[in-house]
Amino acid sequence: DAMVIQNPRYQVTQFGKPVTLSCSQTLNHNVMYWYQQKSSQAPKLLFHYYDKDFNNEADTPDNFQSRRPNTSFCFLDIRSPGLGDAAMYLCATSGRQVWDYNEQFFGPGTRLTVL
Amino acid sequence: AQTVTQSQPEMSVQEAETVTLSCTYDTSENNYYLFWYKQPPSRQMILVIRQEAYKQQNATENRFSVNFQKAAKSFSLKISDSQLGDTAMYFCAFMTSRLTFGEGTQLTVNP
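Residues numbered from 1 in each chain as written. Chains lettered and ligands numbered in written order. Predicted model: local features only at pLDDT ≥ 70, side-chain atom pairs only at ≥ 80, totals over all residues. Heavy atoms only, no water.

(A) Highlighting the overall build of chain B. Tallying secondary structure elements over chain B gives 0 helices and 12 strands in all. Along its sequence from the N terminus, chain B presents helices and strands in the succession β-β-β-β-β-β-β-β-β-β-β-β. Compactness check: chain B gives a C-alpha radius of gyration of 13 Å against a globular reference of 13 Å for 111 residues, within 12% of the reference. Principal-axis analysis of the C-alpha atoms gives chain B an extent of 40 × 25 × 20 Å. Within chain B, the proportion of its 111 residues that are buried is 50%. (Helix = DSSP H or I, 4+ residues; strand = E, 2+ residues; numbered from the N terminus. Rg over C-alpha atoms; globule rule 2.2 N^0.38 Å. Buried < 20%, exposed > 50% of the residue type's maximum accessible area, 1.4 Å probe, protein only.)

(B) Seen up close, the state of the cysteines. Evaluation of the coordinates by the stated rule reveals 2 disulfides over all chains. One disulfide bridge connects A:Cys23 with A:Cys91, the sulfur atoms lying 1.9 Å from each other. As the torsion about the S-S bond is roughly -75°, the A:Cys23-A:Cys91 disulfide counts as left-handed. With A:Cys23 in strand S3 (residues 19-25) and A:Cys91 in strand S9 (residues 87-94), this residue pair connects regions lying 68 residues apart in the sequence. Owing to a relative accessible area of 0%, A:Cys91 belongs among the buried residues under this scheme. Disulfide partner of B:Cys23: B:Cys92, at an S-S distance of 2.0 Å. Residues B:Cys23 and B:Cys92 share a disulfide whose torsion about the S-S bond is about -70°; that sign makes it left-handed. Of this pair, B:Cys23 sits in the loop between strand S3 (19-21) and strand S4 (24-26) while B:Cys92 sits in strand S10 (residues 88-95), placing them 69 residues apart in sequence. In this structure B:Cys23 comes out as buried when scored by relative accessible area, which is 1%. (Disulfide = S-S within 2.5 Å.)

(C) Representation of the pattern of salt bridges within the structure. Scanning the model with the defined rule gives 8 salt bridges over all chains in all. One salt bridge in this structure joins B:Asp26 and B:Lys73, with 3.6 Å as the shortest N-O distance. With B:Asp26 in strand S4 and B:Lys73 in the loop between strand S8 (64-69) and strand S9 (74-79), this pair connects stretches of sequence that are 47 residues apart. B:Lys73 gets classed as partly exposed once you look at its relative accessible area, which sits at 25%. Three or more residues joined by partner-sharing salt bridges are found here, namely A:Glu103, B:Arg50, B:Glu52 and B:Lys55. (Salt bridge = Lys/Arg side-chain N within 4 Å of Asp/Glu carboxyl O.)

(D) Inspection of the sheet that holds strand S8 (residues 73-78) of chain A at higher detail. Residues and elements named next belong to chain A. With antiparallel pairing, the 4 strands of this open sheet are ordered in space as S1-S3-S8-S7. Two strands lie at the open edges of the sheet, namely strand S1 (4-7) and strand S7 (64-67), each paired on one side alone. Taken pair by pair, the neighbouring strands of this sheet meet at an average axis angle of 20°, ignoring direction. Strand direction decides the pairing type here: S3 and S8, joined by 6 bridges, are antiparallel. If you follow Thr20 over to S8, its bridge partner there is Asp77. (Pairing = 2+ DSSP bridges. Axes fitted to C-alpha atoms, helices over the stretch in contact; angles between N-to-C directions.)

(E) Up close: unusual backbone geometry. Omega for the bond connecting A:Asn7 with A:Pro8 falls within 30 degrees of zero, at -15°, which places this linkage in the cis form. Topologically, A:Pro8 is positioned in the loop between S1 and strand S2 (10-13). Not every positive phi belongs to a glycine, and B:Lys73 is a case in point at roughly 55°. One non-glycine residue with positive phi stands out, namely B:Asp81, at about 50°. With respect to the element layout, B:Asp81 can be found in the loop between S9 and S10.

What follows is the structure in structure tokens.
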């Protein structure tokens, strides 16, 4: 089945130690998103790629970076994680066709713990 | 700015009964999409139902239906014949250039 895959599902890192979260998709969607979701809160959009074009949200901290080497993969890099960065990180995609552009498909998320 | 408001942080319902979750939004756009997403305890966000703003007919997906009132900017979700597996956080979301989520309603279905 076509899907959005996130690895790892659980990630533990130390304060200040760089960490990379991975997202891949088999849907051939041209848009990929990264959201941060803290406990009992709504997901917050960090940035998205439209094909190779990177779009950063204005309030996304500089500590968060992203890479999209090809259509299928997108990475979230946290350069110096702080305790406040502990959260669930959700990857989502949306499609190329007009009729499915606006629906986002979510991965299962990566829960990040910062010690 | 576009905002989405879910005024019910928590709701509960008995199994097999019907429950309605409220959502209002604010926008100056005329063309947009509205969604209800479900996030069970396993945390994967799943699309429940979608509504295109240009369509007057309310969307229906099996036991899930919406009451879309464009003039009132209201988009409520009705769940009929509630099942234990419907227990989840439900997010109302609004889409133009980006997806804006409400704060969510935690729904618990009791046996």
